[in-house]
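Read off the chains here:
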Amino acid sequence: MARRSPGARPAPSEATGPGPIIEIHDDPDHSRYRLTVDGQRAGYVTYARQLGEVTFIHTVIRPAYAGRGLGQRLAAFVLDEARAGGRRVRPQCPYIAAYIERHGSYRDLIADPAIDQV
């Protein structure tokens with residue numbers, strides 16, 4: 001079973017059997033969602049929150065963790081968090097914008113599709 005630190009939430013589709021423990025948590029003091037693998041920092045998404053909106057600025061997955069689908073898990077998580085919080089999204093980050101384009105169920109979150117061109 002996955003261990004969770006206070007304030008951390010499991011990434012979507014987290015495996016419950018043996019394997020790495022992947023957690024994502026919001027770090028509002030630094031305006032980022034952090035992703036850890038077995039307690040080690042593996043990536044993050046920076047953001048800016050405004051009234052009723054969140055702008056996703058930049059997504060990083062450390063090279064040692066590349067190719068494991070962690071960027072996709074992180075993107076889905078932050079978009080699901082925006083939806084759960086009733087926030088519209090401004091996908092300034094190219095990775096988040098491309099993720100929304102590939103996963104049409106998130107398009108309704110875009111704050112102004114005419115401006116963001118996603």
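Quick notes on the rules
Residues numbered from 1 in each chain as written. Predicted model: local features only at pLDDT ≥ 70, side-chain atom pairs only at ≥ 80, totals over all residues. Heavy atoms only, no water. Helix = DSSP H or I, 4+ residues; strand = E, 2+ residues; numbered from the N terminus. Buried < 20%, exposed > 50% of the residue type's maximum accessible area, 1.4 Å probe, protein only. Contact = heavy atoms within 4.5 Å. Areas by Shrake-Rupley, 256 points an atom, 1.4 Å probe, with all protein chains shown as cover. Core = buried A, V, L, I, M, F, W, Y, C linked by side-chain atoms within 4.5 Å. Arc of directions from axis to C-beta.

A.B. asks: What exactly am I supposed to notice about the overall build of the chain here?
C.D. replies: Within the chain, the secondary structure is distributed over three helices and six strands. Starting at the N terminus and walking to the C terminus, you meet the elements of the chain as β-β-β-β-β-α-β-α-α. For the chain, the proportion of its 118 residues judged to be buried stands at 39%. Restricting the contact set of the chain to residue pairs at least 6 apart, pairs at least 24 apart contribute 36%. For the chain, the exposed area adds up to about 6,600 Å²; of that, 52% sits on carbon and sulfur atoms.

A.B. asks: Where do I start with the nonpolar core in this structure?
C.D. replies: General note: in soluble globular proteins, nonpolar side chains tend to be found buried as a group. Ranked by internal contacts, the top residues of the largest apolar core, which has 27 residues, are Y33, L35, F56, V78, L79, V89 and I96. For this core, the secondary structure elements donating two or more residues are β2 (22–27), β3 (32–37), β4 (40–50), β5 (53–61), α1 (70–84) and α2 (94–102). Sort the elements by how many residues they give to this core and α1 lands first, with eight residues. When near neighbours in sequence (up to four residues on either side) are disregarded, L79 contacts F56, V89, I96, Y99, I100, Y106 and L109.

A.B. asks: Help me understand the environment of V78, please; the structure alone is not making it clear to me.
C.D. replies: With respect to the secondary-structure elements, V78 resides in helix α1. With a relative accessible area of 0%, V78 lands in the buried category. Remark: the alpha-carbon pair of V78 and Y47, spanning 31 residues in sequence, is separated by 9.8 Å.

A.B. asks: What exactly am I supposed to notice about α2 here?
C.D. replies: Note: α-helices contain 3.6 residues per turn, so residues at a spacing of three or four share the same orientation. Every buried residue belonging to α2 is among I96, A97, Y99 and I100, and all of these are buried. Across the axial projection of α2, the buried residues extend over an arc of 160 degrees, all falling on one side. In this fold, the buried residues of α2 make contact with β5, α1 and β6 (88–91).

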